[in-house]
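Now for the letters of each chain:
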Amino acid sequence: MRDPTSFLAQEYQQLVESELDWRLHVLEGPSTPWCEVDGKKVLMFCSNNYLGLSNHPALKQAAIEAVRTHGVGSGSVRPIAGTMDLHVELEQRLARFKGAGASLVYQSGFATNAGLIPQLVGDGDLVISDELNHGSIIDGVRLSKAERAVYRHGDVPDLERVLDEAERHQPSYRRVLVITDGVFSMDGDIAPLDRIAAAAAKHGAMVYVDDAHGEGVLGEGGRGIVSHFHLGRNQVHVEMGTFSKAFGVVGGHISGSQALRDFAFNKSRTWLLSGSHPPPVAAACIAAIDVLEQEPQHVQTLWRHTERFKKAMRQLGFDIGHSETPITPVIVGESSVAKRLSQRLFELGVFALPIVFPMVAKDKARIRTIMNAALTPEDVDVAIAAFEKAGRELRLI
Ligand SMILES: *Cc1c(COP(=O)(O)O)cnc(C)c1O
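Residues numbered from 1 in each chain as written. Predicted model: local features only at pLDDT ≥ 70, side-chain atom pairs only at ≥ 80, totals over all residues. Heavy atoms only, no water.

Caption draft 1: Region of interest: the overall build of the protein. Helices and strands together make up the secondary structure of the protein, namely 14 helices and 13 strands. In terms of C-alpha radius of gyration, the protein reaches 22 Å, essentially the compact-globule figure of 21 Å for 397 residues. Its C-alpha atoms give the protein principal-axis dimensions of about 65 × 60 × 55 Å. The proportion of buried residues among the 397 residues of the protein is 52%. Contacts spanning at least 24 positions in sequence make up 70% of the contacts within the protein whose residues lie at least 6 apart. Working note: accessible area of the protein is about 18000 Å², and carbon and sulfur atoms make up 54% of it. Across the protein, the 41 positively charged side chains and the 48 negatively charged ones have centroids separated by 1 Å. (Helix = DSSP H or I, 4+ residues; strand = E, 2+ residues; numbered from the N terminus. Rg over C-alpha atoms; globule rule 2.2 N^0.38 Å. Buried < 20%, exposed > 50% of the residue type's maximum accessible area, 1.4 Å probe, protein only. Contact = heavy atoms within 4.5 Å. Areas by Shrake-Rupley, 256 points an atom, 1.4 Å probe, with all protein chains shown as cover. Lys, Arg positive; Asp, Glu negative; His and termini not counted. Charge placed at Lys NZ, Arg CZ, Asp CG, Glu CD.)

What follows is the structure, encoded as C-alpha cells:
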C-alpha cells in the first residue's frame with residue numbers, strides 16, 4: 001500500500017536540494033547582544049529585539065509578579081472567561097501611548113492581519129496592497145472575498161492610478177482599503193505614509209498600516225510611523241503593530257477609534273476563537289510601555305548605533321541599499337555568496353543570517369542586519385571589523 005504521507009519527505013527533500021529549507025539555529029540562553037548560538041558565543045545582529053527589552057529587568061520582574069498574582073494561563077478566549085484586568089490595562093495603556101481612541105490586543109501580529117483584514121473588506125470591496133507587503137497581510141487579504149489590486153513598492157503615483165481606476169469601477173466598490181507595511185523588513189525603507197494617506201483621502205479609502213518594524217524605532221519616543229509623520233487618526237484608520245519586536249514580548253495590536261475596536265473584537269475570528277495571552281505576557285507588555293515612556297535613551301542609542309554602522313559600512317564600500325532604519329541589508333548578489341558571508345561572519349563571532357530568493361530577488365541576496373540598543377559602540381565596531389575581514393576575503397569590497 002502506498003504511504004499517503006510520502007509527499008512529506010519528498011517535498012522536504014526538494015527544498016533541501018534547492019537550498020530553500022530552513023536550518024534552525026538554537027539560542028542557548030537569552031536573546032542578548034552577546035549570546036550563545038549553536039554552542040558558540042556570538043554578537044546578535046539579526047534579532048527584532050531592537051531595544052533589548054526582552055531582557056529588561058522591569059519586564060522580567062513584571063512577568064514574574066504576574067505569575068504570582070494571576071497564574072500562568074488565562075483559561076479561556078477573551079470573549080468568554082479569558083479577559084483579565086491585565087489585558088484591559090494593557091489596551092488602555094497602549095491607546096494612551098499611541099494617542100488613539102482605543103486599542104485592541106491580539107495573540108500575534110499575524111493573527112491580527114489574518115483576523116481583521118477579511119472583516120474590513122469583503123464581497124463588493126477592493127483592497128490595495130504595496131507589492132512588498134508582509135506575508136501576514138498577504139494571507140489576510142487571501143482570506144477576504146474582496147477584489148485585490150497591487151501597486152508598485154512605495155510608488156504613490158502608481159497607487160493613485162489604482163485608486164483612479166477603482167473610482168471608475170462599475171458597479172462602485174462599497175469600500176476601498178489601502179494597506180502597507182510601515183517599515184519594509186527586507187530593505188529597511190519607510191512607506192511614504194503621509195502621501196499614501198493623502199491619496200487615499202482623495203478617494204475616500206481607508207488606510208491600514210502594519211508598523212511591526214516601526215514601533216520602538218520611529219516617531220516620538222518610539223511611538224511608531226503615525227507619530228513619525230504626525231498623522232491624525234482620521235488619516236490612518238488602522239495602526240497595527242506587534243509586541244514581538246521592539247517591545248520584546250509577543251502579541252499583535254491595533255490602535256484607532258473606539259468604533260474600530262468594537263468592530264474588530266466582535267468580528268475577528270482569530271481574536272474570538274483563540275486563547276488570550278498568559279498573564280506574564282500581558283504584564284511584560286505593560287512594562288515595555290512603561291520603559292518606552294520613562295527611558296527614551298534606548299531609542300536614541302538604537303539610532304546612534306545605526307548611524308555608526310551604516311556610515312562605516314558605506315565607507316568600506318558595501319552596498320547597503322537605501323535603508324532609512326535600523327534594518328541594514330548588506331547586499332551581495334548571488335545567494336551562495338550571501339550564505340558564505342553569513343557563515344564566515346559566524347566564525348568571526350557575528351550572527352547575521354542571509355536572506356535569499358524567493359524572499360528577495362535572485363540577484364539581490366543579502367545579509368540582513370538589525371541593530372540593537374543593548375549593544376555598546378565597541379560591539380558595533382566588532383561587527384564592522386568582522387564584515388570588513390569577511391568582505392575582503394570574499395572580494396566584496
Ligand atoms: C513580524 C511581522 C508581523 C508578525 O508579527 P507577530 O506578532 O510576530 O506575529 C506582521 N507584520 C510585519 C510587517 C512583521 O514584520
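Caption draft 2: Representation of the site of the ligand in the model. Taken together, S108, G109, F110, H134, S136, D181, D210, A212, H213, T242, S244 and K245 form the complete shell of residues around the ligand. For the ligand, an oxygen atom lies 3.2 Å from a polar atom in the side chain of H213. In this structure, S244 approaches the ligand through a side-chain N or O atom, which is 2.9 Å from an oxygen atom. Summarising the interface, the protein chains cover 86% of the accessible area of the ligand, which totals 380 Å² for the free molecule. (Near = heavy atom within 4 Å. Polar contact = N/O pair within 3.5 Å; in protein donor to acceptor, adjacent residues only side chain to side chain.)

Caption draft 3: How the structure looks around the sheet that holds strand β10 (residues 327-333). An order of β10-β13-β12 is seen for the three strands of this open sheet, with the pairing classed as antiparallel. Unpaired on one side and paired on the other, β10 and β12 (354-355) mark the two borders of the sheet. Bridge count for β10 against strand β13 (residues 365-370) is six bridges, and the pairing is antiparallel. The residue of β13 that forms the bridge with I327 is I370. Contacting β10, β12 and β13, helix α13 (residues 335-347) runs over the sheet at an angle of about 40° to β13. (Pairing = 2+ DSSP bridges. Axes fitted to C-alpha atoms, helices over the stretch in contact; angles between N-to-C directions.)

Caption draft 4: Looking closely at the packing of aromatic side chains. Inspection of the entire model under this criterion finds seven aromatic pairs. Here the aromatic rings of F45 and F309 are separated by 5.2 Å at their centres, their planes lie at 65°, and the arrangement is edge-to-face. Highlighted residues: F45 in the loop between β2 (40-44) and α2 (57-70) and F309 in helix α12 (residues 297-316), separated in sequence by 264 residues. Both residues of the pair, F45 and F309, count as buried. Ring centres 6.3 Å apart and planes at 75° place the aromatic pair F97 and F247 in the edge-to-face group. With F97 in helix α3 (residues 85-98) and F247 in the loop between β8 (238-242) and β9 (252-256), the pair connects residues that are 150 residues apart, well separated along the chain. Comparing F97 with F247 shows no difference in burial state: the two are buried. Among the aromatic residues, those joined into a ring-pair cluster are F45, F309, F318 and F387. Between K41 and the ring centre of W34, over which it is positioned, the NZ or CZ distance is 5.4 Å. (Phe/Tyr/Trp six-rings, centres within 6.5 Å; stacked < 30°, edge-to-face > 60°. Lys NZ or Arg CZ within 6 Å of the ring centre and 35° of its normal.)

Caption draft 5: Region of interest: the pattern of salt bridges. Going through the model one piece at a time under the given rule, you end up with 23 salt bridges. D125 is the salt-bridge partner of R174, the closest N and O atoms lying 2.7 Å from each other. Taken together, the positions of R174 in the loop between α6 (156-168) and β6 (176-181) and D125 in the loop between α4 (109-120) and β4 (126-130) put the pair 49 residues apart, joining distant regions of the chain. Assessed through its relative accessible area of 1%, D125 is described here as buried. Among the salt bridges present, the one from R233 reaches E239, with a minimum N-O distance of 2.8 Å. Each member of the salt-bridge network shares a partner with another, and the members are K98, E215, R233 and E239. (Salt bridge = Lys/Arg side-chain N within 4 Å of Asp/Glu carboxyl O.)

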